[in-house]
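# What the coordinates show
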Amino acid sequence: MKKINLYLLEYALGYIVRYRAKNIFIGVVLTLLIAVLASFFFVQNSLQYELASTLDAQPQIIVTNQKAGRDTTVDEKMIEKLLTIKGVGDVTSRVWGYYEFKHMNAKFVIVGIDTFENQYNTTLADIANNGELNASSMLIGEGVQKILNKSYYRDYFNFMTPDLHVQKIYIAGVFKAATTLESNNMIVMSKDTARKIFGYTSSEATDLAVSVTNPDELSAILVKIQNLFPTFHVITRKDFKIALQNQFDKTSSIFLTLFIITLFTFFMIVYDKSSGLSSEEKKEIAILKAIGWKIEDVLKARLYEGLIISLVAYLSGIILALFFVYVLNAPVIKNIFIDYNDMTNDFVLPFVVDYETLFLLFLLSLPVYMFATVIPSWRVATLDADEVMR
Amino acid sequence: MIQLKHVSKVYDNNIVALENIDLEVKEGELVILKGVSGSGKSTILSLIAGVLKPTSGDVLVDKKHIAKLPDHFSSQYRRDNIGFIFQKYNLIPTLSVWENIMLPLVPLNLDEKELQEKLMHVMNMFTIVHKKEVLVKKLSGGEQQRTAIARANVNNPKIILADEPTANLDQKLSCEFIQILKKLKSLHKTIIVATHDPLFFDLDFVDKVIEMHNGKLQRQSVVCS
């Protein structure tokens, strides 16, 4: 195998230094572009991981009642009927909903639990096992605590019920959930307390969580539920994931399209900049040819230059993106994906970086950049050296 | 060794640089091409170096048709056979003496020891070794020329082509260059110098002086040494 020509590499490095103004400009712009693209992918990966973890904590099947095509509450009496279906393991009524804290422009998710019930996810099961809840207390997520503290609600919070009564609920503690997205804006209280805040009657629930004994029978059970209750809307965890993935893909594709247009505009600028090689640069190529360099030697040198610049830009871009996403928590870019509320946006992104993403970034940046720089040099290198030197 | 047969060269702008030239240079000869600017001297050198192709006619070096070589082989031919000393030296001003002289050897990927030996040899031969780390742009005219000569000789070529080598030098430095030519001639190099400097015309070690005018050979005089 032919060994790497270190002299050529040294020449390429020297060339970068000698034409540093141009190369620094290109390097910095490429670094920033890679940093933006990498940040986008890192945020996307982290959010997808976070949401996947959150969704894994969801029930296998959720049954909601609908009126006029919109979700409405479900009567707990339905639980008995659902349990008659063969293959259904357990059915739990869920009392949950959003509570808007207009003063801070934030939205909380209130989840009601009964400690004696089987919980459908580990966070709620842990809270239920601790048994710290009573009729006038609640446990809050870390994000909720931050928001309430800002408004000096350190021990309690006054909820406004739909009939405009104030319901004072004491903060019994702060819980830590499996995912930050889940814990960020969640408030857990007893089901009866939650019902009061939402204005539900004592047998009303938001929806029903159904678990099946054999996951392979999920679709069959789904059909059975749908046949038994044609007006009900039955959704599986998988459906949720698909819906969320679609939402992600939509956001990603818009951003990615815009980004790729920007990236290619940049490469066209680079191409144009390289095509317009200065007379000094053209002369240098001509001299090299006149003293015996082949076109391939000139191109190899340019490839090395491109490789050095783009590799440095790639690594710097990745480091910048890691800092931006996992130290600064990706301001702005995170908001592209999340359109909930201020508090939701405040959660910390988990560190998720995979090789595929890094490789994709590598493919998007290095070869295209190198291609954009080599072609103009090839055009000059194929000219008669004599013509350029005269 | 070098033969030009019925060679004509017309540039793209229809300027006739050479018209039906016949020329023969034997191995180890030192030939002076004399003539005013635009007479076609530099074009002849470029044709022999293979950096230009004739419009018609043949250029043969060691019986090989240089003009018909594709770009790849033409570069290889230059690398193996030609040392070109350009009128304005054509050095890369932002590189050091050492780096400039090394340029023809870069694609060869020689081992460190061999490379060092070749470089030291030519730098000593042309007394520029003391300036090896200095950037070319900081050198005097004479030093730049010695660097250019060292670069032209670093690959030990059989043929040395010098285009107006003393055009930018004072008389003392021109005389120094002539001594270098003598040294190269003693090494049995085939040398062609294109010049209009009268210093070259009466040298006792020159084999042939050829006068050119408007792209044609006017007169060949053989100098008997």
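Residues numbered from 1 in each chain as written. Chains lettered and ligands numbered in written order. Predicted model: local features only at pLDDT ≥ 70, side-chain atom pairs only at ≥ 80, totals over all residues. Heavy atoms only, no water.

Time to look at the domain arrangement of chain A. What the domain assignment reports for chain A is domain 1 (6-54 + 244-389) and domain 2 (74-205). Centre-to-centre separation of domain 1 of chain A and domain 2 of chain A, based on C-alpha positions: 48 Å. (Domains from an automatic or database assignment.)

Residue and element names in this part refer to chain A. Taken together, the side chains of I24, V28, L32 and L320 make up a nonpolar region of the molecular surface, amounting to roughly 350 Å² of accessible area. Here the nonpolar patch takes three residues from helix α2 (residues 20-56), the largest share from any one element. You can see I24 is positioned in helix α2. (Patch = residues over 30% accessible without salt bridge, like charges linked within 9 Å, V, L, I, M, F, W, Y side chains within 5 Å. Areas by Shrake-Rupley, 256 points an atom, 1.4 Å probe, with all protein chains shown as cover. Salt bridge = Lys/Arg side-chain N within 4 Å of Asp/Glu carboxyl O. Helix = DSSP H or I, 4+ residues; strand = E, 2+ residues; numbered from the N terminus.)

A few words on the side chain of K294 of chain A. Here K294 of chain A is to be found in the loop between α10 (279-290) and α11 (295-326). Here the side chain of K294 of chain A touches Q76 of chain B through a polar contact of 2.4 Å, side chain to side chain. If we skip the residues at most four places from it in the chain, K294 of chain A touches H72, S75, Q76 and R79 of chain B. (Polar contact = N/O pair within 3.5 Å; in protein donor to acceptor, adjacent residues only side chain to side chain. Contact = heavy atoms within 4.5 Å.)

In an α-helix, one turn spans 3.6 residues; hence positions three or four apart end up facing the same way. Residue and element names in this part refer to chain A. Summarising burial for helix α7 (residues 191-198): six of the eight residues are buried, a large majority. Every buried residue of α7 is listed here: K191, T193, A194, R195, I197 and F198. Elements that come into contact with the buried residues of α7 comprise β4 (88-101), β5 (106-113), β7 (156-160), β8 (166-174), β9 (186-190) and β10 (204-205). (Buried < 20%, exposed > 50% of the residue type's maximum accessible area, 1.4 Å probe, protein only.)

Moving on to the packing of helix α1 (residues 6-18) of chain A against α10 of chain A. All names here are of chain A. Here α1 crosses α10 at 160 degrees, and the two axes come no closer than 13 Å. Here α1 is positioned roughly antiparallel relative to α10, judged by the angle of their axes. You can see that α1 and α10 cross each other, and the crossing is right-handed. Where α1 abuts α10, its residues Y11, Y15 and R18 lie against E281, E284 and L288. For the contact of α1 with α10, a count of residues per class yields three nonpolar, no polar and three charged. (Axes fitted to C-alpha atoms, helices over the stretch in contact; angles between N-to-C directions. Parallel < 35°, antiparallel > 145°, perpendicular 65-115°, else oblique. Left-handed = near helix turned anticlockwise from the far one by under 90°. Nonpolar A, V, L, I, M, F, W, Y, C, P; charged D, E, K, R; others polar.)

All names here are of chain A. This structure, assessed with the given rule, holds 18 salt bridges over all chains. Between R18 and E284 there is a salt bridge whose closest N-O contact spans 2.9 Å. Placement of R18 in helix α1 and of E284 in helix α10 is noted, with a sequence separation of 266 residues between them. Comparing R18 with E284 shows no difference in burial state: the two are buried.

All names here are of chain B. Within chain B, residue pLDDT values average 89, and 97% of them lie at 70 or more. Confidence, read as mean pLDDT per element, is least for strand β10 (residues 216-222) in chain B (74) and greatest for helix α3 (residues 97-102) (95). We note a pTM of 0.73 for the whole complex and an ipTM of 0.88 for its interfaces. (pLDDT = per-residue confidence, 0-100.)

With 13 residues, α1 of chain A should reach 18 Å at 1.5 Å per residue; the first-to-last C-alpha distance of 18 Å fits that figure. When α1 of chain A is considered as a whole, its buried residues turn out to be Y7, L8, Y11, A12, Y15, I16 and R18 of chain A. Of the surrounding elements, those touching the buried residues of α1 of chain A are α2, α10 and α11 of chain A together with α3 and α4 (112-125) of chain B. (Expected span 1.5 Å × (residues − 1).)

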